[in-house]
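If you want the building blocks of each chain, they are given just below.
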Amino acid sequence: MESILVSVIIPVYNTASYIRETLECICAQTLREIEIIAIDDGSTDNSLEIIREQANKDPRIKVYHQNVNQGPSGSRNRGVQESQGKYIYFMDSDDLLAPKALETCYQKCTQENLDFVFFDAICINTHNKYTGQSYTHQAYPGPQTQSGINWLTYQLDTSTLRVPVWLNFIRHDYLKQLNLSFFPGIIHEDQLYTLLLYLNASKVSYIPQIFPQHRLRDTSIMGQQFTWKNIEGYFTTFQQISCYRKNKSPEIQTILDKYFRMTLNAVIWQARTLPSKEKFRIFRICIKEGYLKYLKPKYLAVMFLKH
């Protein structure tokens, strides 16, 4: 096989209705020198059978199976360990990707020696119809290739930070240099991962094109009702970021303060649907961890007064 330019890592858990189409759209990419690492994360439907069937049709598909479900974090970390490509792209097992996406990103990254490049996405439903929702960024008011810190600051200032990892095309050596992995056992694992991607990158750029079609499903992790498990994921992330923040430069600390204000207030707003007991528990955690300074009173009021 020719040199592998891109490793597409796909965690799979009970997406038998969609995984075939997802794999077919990756196999049809105009960039041919790729490997597709499909990791079945203990599926209880016939997802694994479909993956193996597709692998028999295209040898670029490499199948891995985990008996015990480890969640997206564990599966993605396993995928990176197994990958051989010069670049990494993380994909969800029910999403679709524009045919020229990998080729366009690869050319952009190699021509400009980028650590990673990001792009836009739209959301589709279970019938592949556009939902009207999207993940869009805002172009930098200057050269599009900037340091990760410059891009992160700009996105926080314009409220256009988008954290899903499937919006990024990443140089493999950059991940090795950072020794970056997904925090295990939580949801919203993208928050910490993407933040660290930006904070440590020397050269990052933006392609103002829509590449992924991200599927919204009621049964997916992100499609389910906001619960205490969401809170645990966010607060674990906040704790990790607080530890990272220590002994960093004033510039980095200011950026992370902006992140805390934006994200924590959004979490508090979503928590309005939780039981009163859990709302007070959130409030106590914010006091203990010193997060109150980031909160706007109106969001606290919404959390306690509305359901």
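Refer to the structure printed above.
No experiment lies behind these values; they were computed from the predicted model shown.

A.B. asks: Just checking my understanding: could you explain the packing of aromatic side chains for this structure?
C.D. replies: Aromatic ring pairs are reported here in terms of the distance separating the ring centres and the angle at which the planes meet. Across all of its chains, the model carries 27 aromatic pairs by this definition. Seen from their ring centres, Tyr87 and Phe169 are 5.3 Å apart, and the 20° between their planes marks the pair as stacked. Here Tyr87 is found in strand β4 (residues 87-90), whereas its partner Phe169 is found in strand β8 (residues 168-171), with 82 residues between them in sequence. A relative accessible area of 7% places Tyr87 in the buried class. With a centroid separation of 6.2 Å and an interplanar angle of 45°, the aromatic rings of Tyr89 and Phe119 are classed as tilted. One end of the pair, Tyr89, is in strand β4; the other, Phe119, is in strand β6 (residues 116-124), with 30 residues separating them in the sequence. The burial state of Tyr89 is the same as that of Phe119; both residues are buried. An aromatic cluster of at least three residues, connected via ring pairs, comprises Phe116, Phe118, Tyr140, Trp151, Tyr154, Tyr198 and Tyr206.

A.B. asks: Any chance you could explain the nonpolar core here in plain terms?
C.D. replies: Nonpolar side chains tend toward joint burial in soluble globular proteins. If you look at the biggest cluster of nonpolar residues, it comprises 57 residues, and the most contacted ones within it are Phe90, Phe116, Tyr193, Ile231, Phe238 and Ile282. Here the element with the most residues in this core is helix α9 (residues 250-270); it accounts for 8 residues. Ignoring sequence-local partners within four residues, the contact set of Ile231 consists of Phe226, Val267, Ala271, Leu274 and Ile282. Within the second largest apolar cluster, 40 residues are counted, among which are Ala16, Ile61, Met91 and Leu102.

The rules behind the values
The numbers attached to residues start from 1 for each chain and follow its sequence in the written order. Restriction of local features to residues with pLDDT of at least 70 applies here, the model being predicted, together with a cutoff of 80 or more for giving and counting side-chain atom pairs; totals for whole chains, interfaces and linings are based on all residues. For side-chain calculations, the full set of non-hydrogen atoms in the structure is used, while hydrogens and water are omitted. Note on aromatic contacts: the rings of Phe and Tyr and the six-membered ring of Trp form a pair at centre separations within 6.5 Å, being stacked when their planes are under 30 degrees apart, edge-to-face when over 60 apart, and tilted otherwise. Numbering of helices and strands runs from the N terminus; a helix is a DSSP stretch of H or I covering at least four residues, while a strand is a stretch of E covering at least two. Whether a residue is buried, partly exposed or exposed follows from its accessible area with a 1.4 Å probe, protein chains only, as a fraction of its type maximum: under 20%, in between, or over 50%, in that order. Residue types Ala, Val, Leu, Ile, Met, Phe, Trp, Tyr and Cys, when buried and joined through side-chain atoms within 4.5 Å, form a set referred to as a nonpolar core. The criterion used for residue contact is that any of the two residues' heavy atoms lie within 4.5 Å.

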